[in-house]
Amino acid sequence: MARIVMKFGGTSVADISRIRNVALHVKREVDAGHEVAVVVSAMSGKTNELVAWTREASPMHDAREYDAVVASGEQVTAGLLAITLQNIGVDARSWQGWQIPIRTDNAHGAARILDIDGSFLVERFKMGQVAVIAGFQGIGPDNRIATLGRGGSDTSAVAIAAAVKADRCDIYTDVDGVYTTDPRIEPKARRMSKISFEEMLEMASLGAKVLQVRSVELAMVHRVRTFVRSSFEDPNAPGMGDFDNPPGTLICDEEEIVEQQVVTGIAYAKDEAQISLRRVADRPGVAAGIFGPLAEANINVDMIVQNISEDGKSTDMTFTVPSGDVSKALAVLEKINSEIGFDAVQHDEGMAKVSVIGIGMRSHAGVAATAFKALADKGINIRAITTSEIKISILIDGPYTELAVRTLHSVYGLDKQ
């Protein structure tokens, strides 16, 4: 017998027929003798509808009341799934985040989980009951419902798995695992059987939409073995009940991965913008004076390149931000120019960031050179480059995104392994 947390996203619970299908996935694990908690998202499209209603009611709404409205989507799904499970003979009960309780900070709309006492759920397991938990929500220090931000149900599931010391956390979604790159761009992309926490964190943060970044961070910190699986598979298909090797992708410690590839996958993010500050005063504290105010405005700055100052007086500084934040970033820079001192601001939108990821890079030379040559052979100009121990990110013009992804996927042999 094992302890499993199962999470089902919005497309998996989009209507009653899909909720019935989810119930069969849960029943399969219960019939195998496992202790099960289920975390659910709102039905597909419902959160967007609730958000639209709050904005229609008041564009400048109270964040606490926003949370009260949008958290209701998960509550409905949890109740419907509990009813469906009861109808097929599974002892189930629905719970909201505050009833567990899942304690969060006070950042309504984007709260972070501070603590979960798993003892309540463990008692329910001992009673033979399945706990169906509304994801995406907890309770803040002000004793009000707090939501965790977009994709927060993934985070709820991993946090609960850590709290109850689950053997596994299964994230069921509309894809059947993690692929070497986006199959919509490269049909030869392959589903990976295993990927390390670090690689998945890079994939998620650099554009892969399979898992929410915070959920991967939590899984890595607490060493929660996490499976990405498809809820659209027949619940009783061969292998679906295999505890050790079910269909999907296991996210785990790199020690579990025997055959470590040099490059694991290619991620990409469109809608990047490049901002360049020309002839910035070259003195201590300038970088802090630029990027501090941008951080305070909640603008996510990524690739930063500073040119070497020839005369010791001025330099150029270039960085990227999401395209949606360009206007806000330019307004911040205009405000601080009198303190910082730069001659001009230039910006280009429609950029894309393509990233090569793999823990094998730590022990292999020439990975970056291979990427640069492959892109050059295709006539793709590189605007900026950043690297870490296990990734290389390259900024290019947006129209070349798909060509760059296919080129890099091929040059590292990801379409052949």
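Use the structure listed above.
About the criteria used
- Residues numbered from 1 in each chain as written.
- Predicted model: local features only at pLDDT ≥ 70, side-chain atom pairs only at ≥ 80, totals over all residues.
- Heavy atoms only, no water.
- Helix = DSSP H or I, 4+ residues; strand = E, 2+ residues; numbered from the N terminus.
- Rg over C-alpha atoms; globule rule 2.2 N^0.38 Å.
- Buried < 20%, exposed > 50% of the residue type's maximum accessible area, 1.4 Å probe, protein only.
- Contact = heavy atoms within 4.5 Å.
- Areas by Shrake-Rupley, 256 points an atom, 1.4 Å probe, with all protein chains shown as cover.
- Axes fitted to C-alpha atoms, helices over the stretch in contact; angles between N-to-C directions.
- Parallel < 35°, antiparallel > 145°, perpendicular 65-115°, else oblique.
- Nonpolar A, V, L, I, M, F, W, Y, C, P; charged D, E, K, R; others polar.
- Phe/Tyr/Trp six-rings, centres within 6.5 Å; stacked < 30°, edge-to-face > 60°.
- Core = buried A, V, L, I, M, F, W, Y, C linked by side-chain atoms within 4.5 Å.
- Arc of directions from axis to C-beta.
- Pairing = 2+ DSSP bridges.

K.L.:
For this particular structure, what's the right way to read the overall build of the protein chain?
P.N.:
Within the protein chain, the secondary structure is distributed over 12 helices and 18 strands. Against the compact-globule benchmark of 22 Å for 417 residues, the protein chain has a radius of gyration of 23 Å, which places it among compact chains. Taken over the C-alpha atoms alone, the protein chain extends approximately 75 × 55 × 30 Å along its principal axes. Buried positions account for 51% of the 417 residues belonging to the protein chain. Restricting the contact set of the protein chain to residue pairs at least 6 apart, pairs at least 24 apart contribute 76%. About 18800 Å² of surface is accessible on the protein chain, with carbon and sulfur atoms providing 49% of the total.

K.L.:
Explain the packing of helix 3 (residues 63-70) against helix 4 (residues 72-87) to me, please; I cannot follow it from the model alone.
P.N.:
Helix packing geometry: the angle between the two helix axes and the distance between the axes. As a packed pair, helix 3 and helix 4 sit with axes 5 Å apart at the nearest point and diverge in direction by 25°. As summarised for this structure, helix 3 and helix 4 are arranged roughly parallel, according to the angle between their axes. Where helix 3 abuts helix 4, its residues Ala68, Val69 and Val70 lie against Ser72, Gly73 and Glu74. Split into classes, the residues belonging to the contact of helix 3 with helix 4 amount to 3 nonpolar, 2 polar and 1 charged.

K.L.:
Would you mind showing me how to read the packing of aromatic side chains here?
P.N.:
The geometry of two aromatic rings is summed up by the distance between their centres and the angle between their planes. Under the criterion given, the structure shown has 3 aromatic pairs. An angle of 80° between the planes, with centres 5.2 Å apart, marks the rings of Phe291 and Phe319 as edge-to-face. Here Phe291 is found in helix 9 (residues 286-296), whereas its partner Phe319 is found in strand 15 (residues 314-322), with 28 residues between them in sequence. Overall, the relative accessible area of 0% leaves Phe319 in the buried class.

K.L.:
Help me understand the nonpolar core, please; the structure alone is not making it clear to me.
P.N.:
In globular proteins that are soluble, nonpolar side chains generally tend to be buried together. Ranked by internal contacts, the top residues of the largest apolar core, which has 38 residues, are Val5, Leu121, Ile133, Ile160, Cys169, Met200 and Met203. Contributions of two or more residues to this core are made by strand 2 (35-40), helix 5 (119-126), strand 6 (130-134), helix 6 (152-163), strand 9 (168-173), helix 7 (197-205) and helix 8 (213-222). Setting aside anything within four residues of it in sequence, one finds Leu121 in contact with Ile100, Ala131, Ile133, Ile160 and Val164. If you look at the next biggest cluster of nonpolar residues, it comprises 22 residues, including Ile19, Met43, Ala92 and Val132.

K.L.:
What's the story with helix 11 (residues 367-377) in this structure? I'm lost.
P.N.:
For an α-helix, 3.6 residues make a turn, and residues three or four places apart therefore share a direction. Considered for burial, the residues of helix 11 that qualify are Val367, Ala371, Ala374 and Leu375. Axial view of helix 11: buried residues confined to an arc of 95°, hence all on one face. Facing away from the buried side of helix 11 by more than 90 degrees, the exposed set consists of Lys373, Ala376 and Asp377. Check the buried side of helix 11 and you find it contacts strand 18 (391-397) and helix 12 (401-411).

K.L.:
What's the story with the pairing of strand 9 in this structure? I'm lost.
P.N.:
Strand residues, when the strand is regular, have side chains that alternate between the two faces of the sheet. For strand 9, a buried count of 6 out of 6 residues is recorded, marking the element as mostly surrounded by other parts of the structure. Both faces of strand 9 are covered, namely the face carrying Arg168, Asp170 and Tyr172 and the face carrying Cys169, Ile171 and Thr173. The sheet contact formed by strand 1 (residues 3-8) and strand 9 spans 5 bridges and is parallel. Across the sheet, the residue bridging to Ile4 is Arg168, located in strand 9. Here strand 9 pairs with strand 11 (residues 226-230) via 5 bridges, running parallel. Its bridge partner being in strand 11, Asp170 is matched across the sheet by Phe227.

Any functional reading would require information beyond the geometric quantities listed.
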